[in-house]
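Next come the chains, spelled out residue by residue.
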Amino acid sequence: MVAEAVFKHNPRQVQLDNLKPSYPRAFYWLILINVVIDIFAFWSEPGGITAFIRVVILYSVFFYFLLIKKLKFEKNIYIVIFSIYVLLQLFIAVDLDYSLKISIQIITSLLMFFVGYALIKNEFDFYYYLKQFFWIYVVIIINTIVSNIFKIGLDDYTQSTDYVVGGLNDLWNIYTYSLMMLPLLIIYKIQKKYSLYFTSILVLIFLIISLKRIVLIEVVFASILFIYFIGLRLRTIRKIILVIIILAISFPLYSNLLLNRISVRGEKGRFDKDFYESEGRYQELTFMKEKISKFENPFELFFGMKAFDSRGVVGGGTRNFHVDYALISFTLGLAGLLLYLLIYSKLFFELFQNYKILKSSSFLWFRFKTHIITAIILLSTSLISAFGGHIFHVTF
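Now for a description of the structure that goes with this document. (Residues numbered from 1 in each chain as written. Predicted model: local features only at pLDDT ≥ 70, side-chain atom pairs only at ≥ 80, totals over all residues. Heavy atoms only, no water.)

## Notes on unusual backbone geometry
Note the cut-off: Helix numbering and strand numbering both begin at the N terminus, where a helix is a DSSP run of H or I of at least 4 residues and a strand a DSSP run of E of at least 2. Exposure classes here rest on a 1.4 Å probe applied to the protein chains alone. A residue is buried below 20% of its type maximum, exposed above 50%, and partly exposed in between.
At Lys-151, a position not held by glycine, the phi torsion is positive, near 55 degrees. Assignment of secondary structure puts Lys-151 in the loop between helix H7 (123–149) and helix H8 (173–180). Accessibility expressed as a relative area gives 44% for Lys-151, which makes it partly exposed. The backbone of Asp-170 sits at a positive phi, close to 70 degrees, despite the residue not being glycine. As for its placement among the helices and strands, Asp-170 is situated in the loop between H7 and H8.

Structure representation (structure tokens):
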């Protein structure tokens, strides 16, 4: 899959020829458009105008490829099967409006895989696709600055406006995954290096201040994976040291804010020995473990019959499951979880097949190692993201 797209890429040539992409340029800005919609969704009711605009844009592009360009579903047929399974669950939904909303969000995200695959036919398409990520950095920076000046939003931990990000609250994976694209942005010379480094460092600092454990683990995990595949060479070590130095020099600018946020988390017992036992995510996984071990209702265990409605099961009130694996296994059953994991297995199989092809040729490996490694990192890290409950988020 990746090989078909990247074998033709020549970053230097892209800069020289300035050819047009295969499809309308707006198609290559879909992720950026979604980020902007996420920001403005702060002022919109759930299912309001921003949700309507998002649906219209994404499905217009999807049906363009489906009806005009003959979309190829065989690239991952498990996405289609899982989507159909989700839709069938709606017939037994207790709260159809709620289940339909969540189902549309999740199915929309999955269907965008086919759009992304169809968009990139050559090196020019890939270049135009990458250009949006620099502007995502810029949008994140502007949104964070503006949100803190005008106190837009509320921080989850401190329940104050000491550090807010407006409509991007709880959408920290936008920060994480855009940062993972940085090596490719540098290779393709999307912007001058100092612009890419400056904006990406700012995004990283904003991420550190958030103290969101899952996304910080993702950054560390992605960095370790990248070093593992690339190798700990002198050039890599110099870049790591440079990032550490920049973070150390800039630390006084945000130290008070960061330390205060750490203190608040400590007061809430986040650093206690057995704090995890009171965590909703831990309780969800424990709940599912007990449910499977008891095996009281095999039909419900295997098929869920809840249509993504997990409200109030753990934590009471309207709280839904935050761990994607727990959410799927509880509401769609083990059959649903299996179908979801098959989507990943298909993607990993394709990636590692292409990885072997690249490794078999020193020339191909030299040219395209960053492409395949980035793809593996993105997919592997998303397995960790699942513990943060991000399957609901269309941009993710």
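## Some thoughts on the packing of aromatic side chains
Note the cut-off: Note on aromatic contacts: the rings of Phe and Tyr and the six-membered ring of Trp form a pair at centre separations within 6.5 Å, being stacked when their planes are under 30 degrees apart, edge-to-face when over 60 apart, and tilted otherwise.
A complete count under the given rule lists 35 aromatic pairs for this structure. When the centroid spacing of 5.3 Å and the interplanar angle of 70 degrees are considered together, the rings of Tyr-325 and Phe-387 count as edge-to-face. Taken together, the positions of Tyr-325 in helix H15 (residues 324–331) and Phe-387 in the segment after helix H17 (362–385) put the pair 62 residues apart, joining distant regions of the chain. With a relative accessible area of 17%, Tyr-325 lands in the buried category. In this structure Phe-387 comes out as partly exposed when scored by relative accessible area, which is 32%. An aromatic cluster of three or more residues is present, and its members are Tyr-59, Phe-62, Phe-63, Phe-73, Phe-113, Phe-114 and Tyr-117.

## Digging into the packing of helix H13 (residues 280–294) against H15
Formally: Lines fitted to C-alpha atoms define the axes here, with helix axes fitted over just the stretch in contact, and angles between the N-to-C directions of these axes take values from 0 to 180 degrees. Helix crossings are classified by the rotation of the near helix relative to the far one: an anticlockwise turn of less than a right angle makes the crossing left-handed, while a clockwise turn makes it right-handed. Only heavy atoms matter for contacts: two residues are in contact if any of them lie within 4.5 Å across the pair. Three categories are distinguished: nonpolar for Ala, Val, Leu, Ile, Met, Phe, Trp, Tyr, Cys and Pro, charged for Asp, Glu, Lys and Arg, and polar for the others, with Gly belonging to the last.
Across the interface, H13 lies against H15 with an axial gap of 9 Å and an inter-helix angle of 35 degrees. Every pair of crossing elements has a handedness; the one defined by H13 and H15 is left-handed. Residues Glu-284, Leu-285, Phe-287, Met-288 and Lys-291 of H13 pack against Ala-326, Ser-329 and Phe-330 of H15. For the contact of H13 with H15, the per-class residue count stands at five nonpolar, one polar and two charged.

## Topic: the nonpolar core
Rule in force here: In this text, buried Ala, Val, Leu, Ile, Met, Phe, Trp, Tyr and Cys residues form a nonpolar core when linked through side-chain atoms within 4.5 Å.
Phe-65, Phe-82, Leu-130, Leu-168, Tyr-175 and Phe-308 are the most contacted members of the largest nonpolar core, which totals 110 residues. Leave out the neighbours within four places in its chain, and Phe-308 touches Phe-82, Val-86, Tyr-98, Ile-102, Ser-103, Ile-106, Leu-327, Ile-328, Thr-331 and Leu-332.

## Brief notes about the packing of H15 against helix H16 (residues 333–359)
Heads up, the rule is: Should an angle fall under 35 degrees it is called roughly parallel, over 145 degrees roughly antiparallel, and 65 to 115 degrees roughly perpendicular, with every other angle called oblique.
Here H15 crosses H16 at 135 degrees, and the two axes come no closer than 5 Å. What the angle tells us is that H15 and H16 run oblique. Residue-level contacts link Tyr-325, Ile-328, Ser-329, Phe-330 and Thr-331 of H15 to Gly-333, Leu-334, Gly-336, Leu-337, Tyr-340 and Leu-341 of H16.

## Comments concerning the environment of Ile-227
Residue position: Ile-227 is located in helix H11 (residues 213–230). A sequence separation of 87 residues divides Ile-227 from Ile-140, and the C-alpha atoms of the two residues are 26 Å apart. Among residues more than four places away in sequence, those in contact with Ile-227 are Leu-232, Thr-236 and Ile-240.

## Re H8
Each α-helix winds once per 3.6 residues, and so residues spaced three or four apart point in a common direction. With eight of eight residues buried, H8 is to be regarded as a mostly interior element. For H8, the complete set of buried residues consists of Asn-173, Ile-174, Tyr-175, Thr-176, Tyr-177, Ser-178, Leu-179 and Met-180. Structurally, H8 contributes buried residues whose contacts are with helix H3 (30–40), H7, helix H9 (182–187), helix H10 (193–210), H11 and H17.

## Concerning the pattern of salt bridges
Put simply, the rule reads: The term salt bridge refers to a pairing of a side-chain nitrogen on Lys or Arg with a carboxyl oxygen on Asp or Glu at a separation within 4 Å.
Enumeration according to the criterion identifies 11 salt bridges in this entry. Arg-261 is paired through a salt bridge with Asp-155; the nearest N and O atoms lie 2.8 Å apart. Placement of Arg-261 in helix H12 (residues 234–267) and of Asp-155 in the loop between H7 and H8 is noted, with a sequence separation of 106 residues between them. Note on accessibility: Arg-261 and Asp-155 belong to one class, buried. Here the salt bridges do not stand alone but share partners, grouping Asp-95, Asp-309 and Arg-311 into one network.

## Looking at the environment of Pro-183
Looking at the element boundaries, Pro-183 is found in helix H9. Residue classification places Pro-183 among the partly exposed positions, given a relative accessible area of 24%. C-alpha separation for the pair Pro-183 and Ser-263, spaced 80 residues apart in sequence, amounts to 34 Å. In contact with Pro-183, not counting residues within four places along its chain, are Phe-226 and Thr-370.

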